[in-house]
Amino acid sequence: TVFNLKEVAAVEVPKVHLWETGIMRITRHPQFVGQCMWSFAHLMMVGSSFNALTMALLVGHHGFACWNGDRRLYDEHGEAFLAVKARTSVVPFAAIADGRQTLPRDYYKELIRAPYALIAVGTFGAYLAHPYMQAGAALVKNTGLVEGGVFNPVFGG
C-alpha cells in the first residue's frame, strides 16, 4: 500500500514499507484476497470451464505475487519482515482471531485514508456499472452458461 503520493508521482524515491496497520492488520495481501473474492463471484456467475481456468490462473498469479512480495520484503528487511510476517496473516482476520494482532478501539481511524476511499468509490462505481457491462455482454454471441461447463450440473444446464 502506498500512502505517500509523492512516491506514486516519482517526486520521491519509492520505499518499501512494513505496514502493520489499516488493512494490513486484517490481511497482509489485500489484493490477493480481493482477487479471490472477485474470481469466485465471477466463476459462480459464468460457470464455464474456460472461466474456471481463467480464474484459477488469476488467483495463481496473485498467489505467486504474494510469495514473491514476501520474498522481496525478506531480502530487503530480513528479520524485521519476519517479525511483521509473524504478527500478520494472508488469510483475513486470522492474525486477529489467534491473538497475533489486536484491533484497537478506534481501528476505523486506520481505514479513513484517501486511497481506501478511492478504492471504495471505484468499487461501488464498478458495481453500479454491472447492468451496462451485462447489456454489452448480451450483444456478444455465446454468452451465458456454456454447455459442458463445470457448473452445468449445479445450475441445471
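What you see is a predicted model, and the numbers here were worked out from it, not measured in a lab.

Draft legend 1. How the structure looks around the overall build of the protein. The secondary structure content of the protein amounts to nine helices and zero strands. Along the protein, helices and strands appear, N-terminal first, in the series α-α-α-α-α-α-α-α-α. Across the 157 residues that make up the protein, the buried fraction comes to 23%. The long-range share in the protein, meaning contacts at least 24 apart out of those at least 6 apart in sequence, stands at 59%. Total accessible area on the protein is roughly 10,800 Å²; 68% of this is exposed by carbon and sulfur atoms.

Draft legend 2. Here's a closer look at unusual backbone geometry. Positive phi, close to 70°, is recorded for F93, a residue that is not glycine. As for its position among the elements, F93 is in the loop between α5 (79–87) and α6 (94–97). Exposure remark for F93: the relative accessible area of 45% places this residue in the partly exposed category.

Draft legend 3. Quick peek at the environment of E20. Relative to the helices and strands, E20 resides in the loop between α1 (5–8) and α2 (23–26). Here the alpha-carbon distance between E20 and K85, two residues 65 residues apart in the chain, equals 9.3 Å. With residues near it in sequence (within four places) discarded, E20 still touches R25, V84, R87, T88 and Q101. Side-chain polar atoms of E20 contact the side chain of R87, separated by 2.5 Å.

Draft legend 4. Examining the packing of helix α3 (residues 30–46) against helix α4 (residues 49–77) more closely. Put simply, α3 and α4 touch, their axes get as near as 10 Å, and they point 175° apart. Compared by their axis directions, α3 and α4 come out roughly antiparallel. Residue-level inspection shows Q31, F32, Q35, C36, W38, S39, H42, L43 and V46 of α3 in contact with α4, the latter providing N51, A52, M55, L58, V59, H62, G63 and C66. Broken down by class, the residue content of the contact of α3 with α4 amounts to 10 nonpolar, seven polar and no charged.

Draft legend 5. Structural context of the pattern of salt bridges. Under the definition given, this model contains six salt bridges. For K109, the salt bridge goes to D106, with nearest N and O atoms at 3.9 Å.

Parameters and conventions
- Residues numbered from 1 in each chain as written.
- Predicted model: local features only at pLDDT ≥ 70, side-chain atom pairs only at ≥ 80, totals over all residues.
- Heavy atoms only, no water.
- Helix = DSSP H or I, 4+ residues; strand = E, 2+ residues; numbered from the N terminus.
- Buried < 20%, exposed > 50% of the residue type's maximum accessible area, 1.4 Å probe, protein only.
- Contact = heavy atoms within 4.5 Å.
- Areas by Shrake-Rupley, 256 points an atom, 1.4 Å probe, with all protein chains shown as cover.
- Polar contact = N/O pair within 3.5 Å; in protein donor to acceptor, adjacent residues only side chain to side chain.
- Axes fitted to C-alpha atoms, helices over the stretch in contact; angles between N-to-C directions.
- Parallel < 35°, antiparallel > 145°, perpendicular 65-115°, else oblique.
- Nonpolar A, V, L, I, M, F, W, Y, C, P; charged D, E, K, R; others polar.
- Salt bridge = Lys/Arg side-chain N within 4 Å of Asp/Glu carboxyl O.

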